[in-house]
Amino acid sequence: MRWKWLFHFYSKQFIKSKLYMGASLALIILVISRIMLHKFDQFHIQNFGDLPSEISGVVQIVSIFYMIYAYQVVSNELQYGIQTFFTDGHRIMVEKISAMWAVHSLFQLALAIITYGFYSFYFLINRLGVTFLYAELFRFIMTFLWEPMILYFFMAILVAIICGKRKISFFFIAVGWIVTGGMNTEFLGAIFNNISARDWKILLSFSMSNIYSAYESFIGYDISLAYELRFLFWLLLLGEFFFLLSLRWAQDFALRKRIRNLLLVLPIVLLIVGKMAILWMPNMWNNADYDQEVKYYQKLSHSKSQTNEAYDIQQYVMHLEGDQLQVTMSLKNMKTVRPTFQLYHPYAIQSITNHHRAISYDRYGDLITLHLKKPVDQLQFTYTLRSTNFYPILRSRKLLLGNMAWYPKKNSDQMYRVGKDGIGVDFLPDDPTKAVKMTVQTKDKLLFINLPKKSDGVYEGKAQAVTLIMGQGKTLETGDYHITYPSDWPDLTESAPTFLAFQEKLLAYAQEIGPTVVSRVPSKIVLAQNAIARMVCKDHFVYGTGSLYPLASKDTLEGIPTEMMSIIIAPKKSPFYTAWCLAATSWMNRKLHVLDQIHFDSDLPFYSDSDDAPVKEGTKVLEEFQGKSLKEQQEFLKYWYAHMEEATTWKKIHSWLKGNRK
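Thresholds, definitions, all that
- Residues numbered from 1 in each chain as written.
- Predicted model: local features only at pLDDT ≥ 70, side-chain atom pairs only at ≥ 80, totals over all residues.
- Heavy atoms only, no water.
- Axes fitted to C-alpha atoms, helices over the stretch in contact; angles between N-to-C directions.
- Helix = DSSP H or I, 4+ residues; strand = E, 2+ residues; numbered from the N terminus.
- Parallel < 35°, antiparallel > 145°, perpendicular 65-115°, else oblique.
- Contact = heavy atoms within 4.5 Å.
- Nonpolar A, V, L, I, M, F, W, Y, C, P; charged D, E, K, R; others polar.
- Polar contact = N/O pair within 3.5 Å; in protein donor to acceptor, adjacent residues only side chain to side chain.
- Pairing = 2+ DSSP bridges.
- pLDDT = per-residue confidence, 0-100.
- Salt bridge = Lys/Arg side-chain N within 4 Å of Asp/Glu carboxyl O.
- Buried < 20%, exposed > 50% of the residue type's maximum accessible area, 1.4 Å probe, protein only.
- Patch = residues over 30% accessible without salt bridge, like charges linked within 9 Å, V, L, I, M, F, W, Y side chains within 5 Å.
- Areas by Shrake-Rupley, 256 points an atom, 1.4 Å probe, with all protein chains shown as cover.
- Phe/Tyr/Trp six-rings, centres within 6.5 Å; stacked < 30°, edge-to-face > 60°.

**Comments concerning the packing of helix H2 (residues 18–39) against helix H3 (residues 55–78)**
- It is at 9 Å that the axes of H2 and H3 come closest, and there the two elements cross at 170°. Relative to H3, the element H2 is oriented roughly antiparallel. Mapping the contact onto sequence places Leu19, Tyr20, Ala23, Ser24, Ala26, Leu27, Leu30 and Val31 in H2 and Val58, Ile61, Val62, Phe65, Tyr66, Ile68, Tyr69 and Gln72 in H3.
- Partitioned by chemical class, the residues of the contact of H2 with H3 number 14 nonpolar, two polar and no charged.

**Topic: the side chain of glutamine 529**
- Checked against the element boundaries, glutamine 529 lands in the loop between strand E22 (524–528) and strand E23 (534–536).
- A distance of 3.0 Å separates a polar atom in the side chain of glutamine 529 from the backbone oxygen of serine 547.

**Notes on the environment of valine 317**
- Position of valine 317 relative to the elements: it lies in strand E3 (residues 312–321).
- What valine 317 contacts, discounting residues up to four positions off in sequence, is Gln326, Val327, Thr328, Thr439 and Gln441.

**Considering the sheet that holds strand E4 (residues 324–332)**
- Read across the sheet, eight strands follow the order E7-E6-E10-E4-E3-E15-E18-E17 without closing on themselves; strand pairing throughout is mixed. Among the strands making up the open sheet, the edge pair consists of strand E7 (357–358) and strand E17 (453–455).
- Here E3 pairs with strand E15 (residues 436–442) via six bridges, running parallel. Looking at the pairing, tyrosine 316 lines up with methionine 438 of E15.

**Quick notes on the confidence of the model for the protein**
- On average, residues of the protein score 87 in pLDDT, and 92% of them are at 70 or above.
- Note that pLDDT drops below 50 for residues 605–613; the model gives that stretch 18 contacts with residues more than four away or on any other chain.

**A short note on the pattern of salt bridges**
- Within the structure shown, the criterion is met by 17 salt bridges.
- Where lysine 554 meets glutamate 558, a salt bridge forms, and the shortest distance between an N and an O atom there is 2.3 Å. Note that lysine 554 and glutamate 558 are positioned in helix H13 (residues 554–568) at a spacing of four residues, about one turn of the helix.
- The class for lysine 554 is exposed, based on a relative accessible area of 59%.

**Some points on helix H18 (residues 650–657)**
- When H18 is considered as a whole, its buried residues turn out to be Trp650, Ile653, Ser655, Trp656 and Leu657.
- A positive backbone phi angle near 105° is found at glycine 659, which sits one or two residues after H18.

**Quick look at the side chain of serine 11**
- The topology assignment puts serine 11 in helix H1 (residues 2–16).
- For serine 11, a relative accessible area of 16% gives the class buried.
- A distance of 2.7 Å separates the side chain of serine 11 from the backbone oxygen of phenylalanine 7, its partner in a polar contact.
- With sequence-adjacent residues up to four places away left out, serine 11 is seen in contact with Val103 and Phe107.

**Some details on a nonpolar patch on the surface**
- A surface patch of nonpolar side chains, amounting to about 480 Å² of accessible area, comprises Ile168, Phe171, Phe172, Val175, Ile178 and Val179.
- Following the sequence through the fold, isoleucine 168 ends up in helix H6 (residues 168–179).
- Isoleucine 168 gets classed as partly exposed once you look at its relative accessible area, which sits at 43%.

**Quick look at the pairing of strand E24 (residues 540–544)**
- Most of E24 is tucked away, with five of its five residues classed as buried.
- What you see with E24 is no split at all: His540, Val542 and Gly544 on one side and Phe541 and Tyr543 on the other are buried throughout.
- Where E22 lies against E24, five bridges are found, and the strand directions are parallel. Counted as the bridge partner of lysine 524 is histidine 540 from E24.
- In this sheet, E24 lies alongside E23 in antiparallel orientation, the contact comprising three bridges. Following the sheet pairing, methionine 535 is matched in E24 by valine 542.
- Counted along the chain from E23 to the antiparallel partner E24, the turn is three residues long.

**Examining the packing of aromatic side chains**
- Scanning the entire structure with this criterion turns up 45 aromatic pairs.
- Ring centres of tyrosine 296 and tyrosine 297 lie 5.6 Å apart, and the angle between their planes is 90°; this geometry places the pair in the edge-to-face category.
- Residue classification places tyrosine 296 among the partly exposed residues on the basis of a relative accessible area of 31%.
- Tyrosine 297 gets classed as buried once you look at its relative accessible area, which sits at 0%.

See below:
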């Protein structure tokens, strides 16, 4: 009865408080203003999924006011030590603080629901449609708005109990606010950018891993049971301190004994909850995990392992159940007992067998070399797909592209190599080869697969590669095309025809200067925002825009030739191939009326593949090429491509440009 009265009392006190209600109003104003800024952005940026990530900044700004209010109320309550004058003083203070905390939790829940309403309404008026995205959005807001606000309030209560009315209280409040705040990964980036998802220090913060990104195409929002467990960990930790400090109010021996027993049990629960949170913590948004993956491939790039591809793959049969994958390959023309296959290195191999006989193997990065006694015609790989920063798996959602080694492939390269800038790493996509028979069997619901459906849970057909998506997305049928795209994109009914017409023109023009990998734009298309997600096969086309702008906008269309020329034209093993692609992009831009010129003086050093091709000389040749007419450029590009193997110097290429061709 007393607790109920206290609940009503503090409800009125909160409403009357200018500080508390002002902070609540500020939160609403900040959310609305950020949405309005996004709405009236002059570039019409459409990163709708990432928009709620700015909650971290809002929480950081507003939470300090809630902490000060909680500190003031509790320190005033404790100032005269009335709780020590009564035999049930401990119970009185626990009821007061719990009632106050419950009122704050309900107020914050109301604010979280209002915030969710603003974002949901904004998504609906921008034609995102009604999808499961909204349920995840609510959980995201609860995780990164409601939960932190609860913990900040509790933290300020503890400061009040420890320090009372001393001025040093504000120092401790400020430290707690900065260290655990929503923007701590920005303020203390030097520390938190080095904490991986599996490091216990990840529990020190209850903010987002990356304040600039909240949503990943097809994977969804940055939410996980690990975050709820982290919230529970902090709740238990603060509760441990609270009951430890409350011993001073307990005058009854039996009560003090119960509190001590509780204090002994809570650390065990804390360890269990903390360990579970670390084990399930997602690594896809974690900067430290990204850096570890980059360093791993940089180390591999400094050495080379022996490989052997003297075999042909005739057929794949894949059984996918959750994250467990079993791949059976039929082989022919094997002329080695040390065949090499490519498989993404984090995937945990359980076994490699030939007709149920185990085969030993060596693994070096993404390359697997088998030790056979004699050539075989069949191999079976059994392994577990694991989530990484580069290729995340979250809530059973997967984006498995055909140009990455999510199943064993005939390839002698690592998936990444040191970038031309010497700092990061560049993706080495698996180039589509000849089509082979592919069978995928799974009981899981697929958003996209390029293979025809044979029966329930069975997909089969001839393909150069398999792209499989289990995740959150939308589909669109327009003309002869079937388009799959992320849930946080607006409806593409109006913009898709413009994009498709542009791609069709680009392909037609590309055929004028060299052989293309496809004769027409594939009917099955996957669109994403990830720039690495780009590949063209005869049966499907994956294109990552790498752009925050609308699909049919000038900014997005201008970037297409640069990204497409190197994957739409059949590649050549020449140190001048990337320079040719650069020149071809310049010509294509003029044909499509998107960009007039490319700055070769800055682009060529980055794209150059060979020390034998001096950058200054190449820049001079390409700038001269840019001054030619479209017809002259087309004839030169066609001749250069056909005779690329004959070119050993820029001087030779320059002579072709001047018209000295056989």
